[in-house]
Amino acid sequence: MSNKQRVLDHLRSLSIPFEEYHHEAAHTMEDCLRLPYAAPDVTFCKNILLCNRQQTAFYLYVTLPDKPFRTADVSKLLGVSRLSFAPGECLPALLQLESGSLSPLALWFDPERQIQLVLDEDIRRPGRIAFHPCDNTATVIFQQDVFWQQVLPSLCHPPVTLRVPWPRQQTII
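Since the structure is predicted, the reported quantities are computational estimates derived from the model, not experimental observations.

Structural notes on helix 1 (residues 3-13)
Part 1 of the reasoning: Residues N3, K4, V7, L8 and L11 constitute the buried set of helix 1. When helix 1 is viewed along its axis, its buried side chains cluster within an angular range of 130 degrees and face the same direction.
Part 2 of the reasoning: On its buried face, helix 1 sits against strand 1 (19-22) and strand 8 (138-143).
Part 3 of the reasoning: At the C-terminal side of helix 1, S15 shows a positive phi close to 55 degrees.

Okay, structure coming up:
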């Protein structure tokens with residue numbers, strides 16, 4: 001059974017309400033934001049797998065697609081030194097996923113809790129929130145309250161929520 005089908009079946013078994021869309025592979029955030037259901041009330045999220053230098057601690061960082069990402073900011077807020085992007089082989093090794101299919105829903109495939117979920121508080125907005133169901137040829141959309149009150153607890157990975165600042169704009173004089 002595919003990861004996508006496993007995620008969709010699990011959502012249904014938990015009676016979690018969601019919208020389901022199938023589409024061509026969306027490899028980038030720009031691809032996601034061009035999907036026909038990318039409405040102003042839908043928050044799409046950028047999902048980044050990070051690790052420490054020794055590759056002994058892993059973090060799934062979820063933020064807004066247009067928010068610039070700086071590892072130094074996230075590292076400092078987490079109290080962890082030198083976070084970097086996890087090597088490509090970590091995604092299939094830890095979660096049995098391909099590149100471009102990472103989302104918090106993948107944490108159902110991490111029963112040993114090797115990955116810490118880290119949420120940028122800016123993803124909590126009015127409306128709905130969208131993720132791939134561990135396959136970039138589909139998208140599931142939840143009402144925000146459903147995601148925070150039903151989906152997150154079902155992941156069994158208590159999240160760390162961070163207030164990550166937007167980078168300051170430099171003024172050129």
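Moving on from the coordinates now.
Looking at the sheet that holds strand 4 (residues 58-63)
Part 1 of the reasoning: Strand order in this open sheet of five strands is 5-3-4-6-9, and the pairing throughout is mixed. Unpaired on one side and paired on the other, strand 5 (84-85) and strand 9 (160-162) mark the two borders of the sheet.
Part 2 of the reasoning: Sheet topology note: the strand 6 (residues 115-120)/strand 9 ladder contains three bridges and is parallel. Paired with V118 across the bridge in strand 9 is V160.
Part 3 of the reasoning: Set on the sheet, helix 3 (residues 71-78) makes contact with strand 3 (46-51), strand 4, strand 5, strand 6 and strand 9; between it and strand 9 the angle comes to about 125 degrees.

Section: the environment of W108
Part 1 of the reasoning: Residue position: W108 is located in the loop between helix 4 (90-95) and strand 6.
Part 2 of the reasoning: Its relative accessible area of 17% is what places W108 among the buried residues.
Part 3 of the reasoning: For the pair W108 and R6, spaced 102 residues apart in sequence, the C-alpha separation works out to 9.6 Å.
Part 4 of the reasoning: If near-sequence neighbours (up to four positions away) are discounted, W108 is found in contact with V7, H10, L11, L14, S154 and L155.
Part 5 of the reasoning: Polar contacts involving the side chain of W108 include one to the main-chain carbonyl oxygen of S154, which spans 3.0 Å.

Re the pairing of strand 4
Part 1 of the reasoning: Counting buried residues in strand 4 gives six out of six residues, a clear majority hidden from the surface.
Part 2 of the reasoning: Here strand 4 shows a buried face lined by F58, L60 and V62 and a second buried face lined by Y59, Y61 and T63.
Part 3 of the reasoning: Pairing of strand 3 with strand 4, which is carried by six bridges, proceeds in the antiparallel orientation. Directly across from L50, in strand 4, lies its bridge partner Y59.
Part 4 of the reasoning: Hairpin geometry of strand 3 and strand 4 is characterised by an intervening segment of six residues between the two adjacent antiparallel strands and by a positive phi of about 55 degrees at Q55.
Part 5 of the reasoning: Across five bridges, the pairing between strand 4 and strand 6 is parallel. Of the residues in strand 6, the one forming a bridge with Y61 is V118.

What about the state of the cysteines?
Part 1 of the reasoning: For the coordinates displayed, the defined rule picks out zero disulfides.
Part 2 of the reasoning: Considering cysteine sulfurs only, C90 is the nearest to C51, which forms no disulfide, with 5.6 Å between them.

Observations regarding helix 5 (residues 144-155)
Part 1 of the reasoning: Across its twelve residues, helix 5 extends 16 Å between first and last C-alpha, which sits within 8% of the 16 Å expected from 1.5 Å per residue.
Part 2 of the reasoning: Elements in contact with the buried residues of helix 5: strand 2 (42-44), strand 6, strand 7 (128-131) and strand 8.
Part 3 of the reasoning: Just past helix 5, the residue C156 takes up positive phi, approximately 60 degrees.

Quick notes on the nonpolar core
Within soluble globular proteins, side chains that are nonpolar generally end up buried alongside one another.
Part 1 of the reasoning: Counting 39 residues, the largest nonpolar core has L95, L105 and F142 as the members making the most contacts within it.
Part 2 of the reasoning: With six residues, helix 5 is the single largest residue contributor to this core.
Part 3 of the reasoning: In contact with L105, not counting residues within four places along its chain, are V7, F131, H132, P133, C134, V140, F142, V151 and L155.
Part 4 of the reasoning: Y61, F69, V80 and V164 belong to the second-largest nonpolar core, a separate cluster that totals eleven residues.

Considerations on the side chain of S75
Part 1 of the reasoning: Considering the arrangement of structural elements, one finds S75 in helix 3.
Part 2 of the reasoning: Those residues in contact with S75, other than ones at most four positions away along the chain, are V80, R82 and L83.

Calculation rules
Residues numbered from 1 in each chain as written. Predicted model: local features only at pLDDT ≥ 70, side-chain atom pairs only at ≥ 80, totals over all residues. Heavy atoms only, no water. Buried < 20%, exposed > 50% of the residue type's maximum accessible area, 1.4 Å probe, protein only. Helix = DSSP H or I, 4+ residues; strand = E, 2+ residues; numbered from the N terminus. Arc of directions from axis to C-beta. Contact = heavy atoms within 4.5 Å. Pairing = 2+ DSSP bridges. Axes fitted to C-alpha atoms, helices over the stretch in contact; angles between N-to-C directions. Polar contact = N/O pair within 3.5 Å; in protein donor to acceptor, adjacent residues only side chain to side chain. Disulfide = S-S within 2.5 Å. Expected span 1.5 Å × (residues − 1). Core = buried A, V, L, I, M, F, W, Y, C linked by side-chain atoms within 4.5 Å.

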